[in-house]
Amino acid sequence: MFELFQNALLTLVLIKILFLVISFIFTIFLLVVLKQVNSMNRVINEASSGLLIYISILLILLSAVLFLTALVIL
Amino acid sequence: MPDIFVSNTEPEEKKETPHGEEHKVLQSIAKTITTDSSDNMLHFLTSYCERPKGVFFTNLEEGEEIILFLRRQLVTNAPWIIKALVASLLPIFFFIGMNLLGLVLPLPEDYILVFTFFYYLVVLGYVFLNFISWFYNVSLVTTARVVDIDFSQLVYESVAATKLPQIEDVSYHQVGVLPSIFDYGDVSVQTAGSASNFLFASVPHPEKVVHIINGLIAEKGSS
């Protein structure tokens, strides 16, 4: 019984670590997206280009919040 | 004394060759485009705009003016929009199915919550990535040249331009049911010499685009 509980706990910890790694990589990926959006805005700029920067920053913030939430509550 | 020979003093009517007439028509098209100022405000989802206001691109020369602003027709985004919609509905159906079958996921509730949140964030990322791939794939026709800006899936970025006198041939292809319904097609611009050819893929009103470019070339050739 104790072994079963220990195995379940170990699985949950592994899932948590895996999730933290994936969400961290995803946050880095979104940072690359922001960099590319910024670079493309220099190539072609129009009135609504700025909005895309705000959206990508929002996505990065959401991803960072998710990473921290996973770190704290899981 | 009657005149034996009377020279014809009336001015002869200038006979225009078919080529000259076409030249004039094309010039008039170019003039119409350059003088029409209505409906030239760019919106977030604009895919076709004549003489757009507030658009700047790298290497825009002094006195150079953007005549045409083109993106892929909005309808061409349908595949990834449908995929994103299906993907966003999938967890809902999954949880409903689990409830109906009486199955329970062997994970704590907070795990499920965080995973679902992450899943939707990935879907949002997918939508955003596809959107910027469409948004930054821009073709421009200016008073001096044709510019093609390509951006694809974060890893591919290219800016190509050719001057109007270097253009040899402009043609368009409109094949399929959807292109006919929504009036979009591929415009190919062939350039002289070793310069690369341009393909404006799935742009709206391809016939009009070809006419405008031809008009600008004619105007450039006459000046």
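This structure is a prediction, so every number in the text was calculated from the model and none was measured.

Looking only at helices and strands, one finds 5 helices and 9 strands in chain B. Listed by position from the N terminus, the elements making up chain B come as α-β-β-β-α-α-β-β-β-β-α-β-β-α. Of all 223 residues assigned to chain B, the portion counted as buried reaches 22%. Restricting to contacts in chain B with at least 6 residues of sequence separation, those with at least 24 account for 56%.

Once that is clear, we can look at the overall build of chain A. In terms of helices and strands, chain A carries 2 helices and 1 strand. For chain A, the sequential pattern of α-helices and β-strands runs α-β-α. Against the 2.2 N^0.38 benchmark of 11 Å for 74 residues, chain A shows a C-alpha radius of gyration of 18 Å, more extended than a compact globule. Principal-axis analysis of the C-alpha atoms places the extent of chain A at approximately 65 × 15 × 10 Å. Looking at chain A as a whole, 18% of its 74 residues are labelled buried. A separation of at least 24 residues holds for 72% of the contacts in chain A among residues at least 6 apart in sequence.

Across the contact, 25 residues belong to chain B and 27 residues belong to chain A. Counting residues per element, the ones that place at least two in the side of chain B that touches chain A are β2 (56-57), α3 (109-135) and β5 (145-152) of chain B. With 12 residues, α3(B) is the single largest residue contributor to the side of chain B that touches chain A. Here the side of chain B that touches chain A is composed, by residue class, of 21 nonpolar, 3 polar and 1 charged. Where strand β1 (residues 44-45) of chain A and β2(B) come together, 2 bridges link them in antiparallel fashion. Directly across from A:N45, in β2(B), lies its bridge partner B:F56.

Another aspect to go through is helix α1 (residues 2-43) of chain A. Along its 42 residues, α1(A) runs 62 Å from first to last C-alpha, staying within 8% of the 62 Å computed at 1.5 Å per residue. Along α1(A), the residues that are buried comprise A:S23, A:L30, A:V33, A:V37 and A:M40. Considering only its buried residues, α1(A) is in contact with β1 and α2 (49-73) of chain A together with α3 and β5 of chain B.

The next thing to look at is the sheet that holds strand β6 (residues 156-163) of chain B. All names here are of chain B. Ordered by their spatial adjacency, 5 strands build an open sheet running β1-β3-β4-β5-β6, and the pairing between neighbours is antiparallel. The sheet is open, and its two borders are formed by β1 (48-50) and β6, each paired with just one other strand. With direction set aside, neighbouring strand axes in the sheet form an average angle of 10°. Pairing of β5 with β6, which is carried by 8 bridges, proceeds in the antiparallel orientation. Bridge pairing in β6 links S152 to Y156. Helix α5 (residues 206-222) rests against β3 (66-70), β4 (138-142) and β5 of the sheet, and its axis sits at about 155° to β3.

Residues and elements named next belong to chain B. Sheet architecture is open: 3 strands sit in the order β7-β8-β9, paired in antiparallel fashion. Only two strands of the sheet have a single partner each, and these edge strands are β7 (167-173) and β9 (198-204). When the angles between neighbouring strand axes are averaged without regard to direction, this sheet yields 20°. Relative to strand β8 (residues 184-191), β7 runs antiparallel, the two being bridged by 6 bridges. Opposite I167, over in β8, you have T191 as the bridge partner.

Turning our attention to the nonpolar core. With 36 residues, the main nonpolar core has B:L68, B:F69, B:Y136, B:L140, B:V141 and B:I213 as its most contacted residues. Tallying contributions element by element places β3(B) first for this core, with 5 residues. Apart from the residues within four sequence positions on either side, B:Y136 is in contact with A:M40, A:I44, B:I149 and B:F151.

Analysis parameters
Residues numbered from 1 in each chain as written. Chains lettered and ligands numbered in written order. Predicted model: local features only at pLDDT ≥ 70, side-chain atom pairs only at ≥ 80, totals over all residues. Helix = DSSP H or I, 4+ residues; strand = E, 2+ residues; numbered from the N terminus. Buried ≥ 20, exposed ≤ 12 C-beta atoms within 10 Å, placed from the backbone. Contact = placed C-beta atoms within 7 Å. Rg over C-alpha atoms; globule rule 2.2 N^0.38 Å. Nonpolar A, V, L, I, M, F, W, Y, C, P; charged D, E, K, R; others polar. Pairing = 2+ DSSP bridges. Expected span 1.5 Å × (residues − 1). Axes fitted to C-alpha atoms, helices over the stretch in contact; angles between N-to-C directions. Core = buried A, V, L, I, M, F, W, Y, C linked by C-beta atoms within 7 Å.

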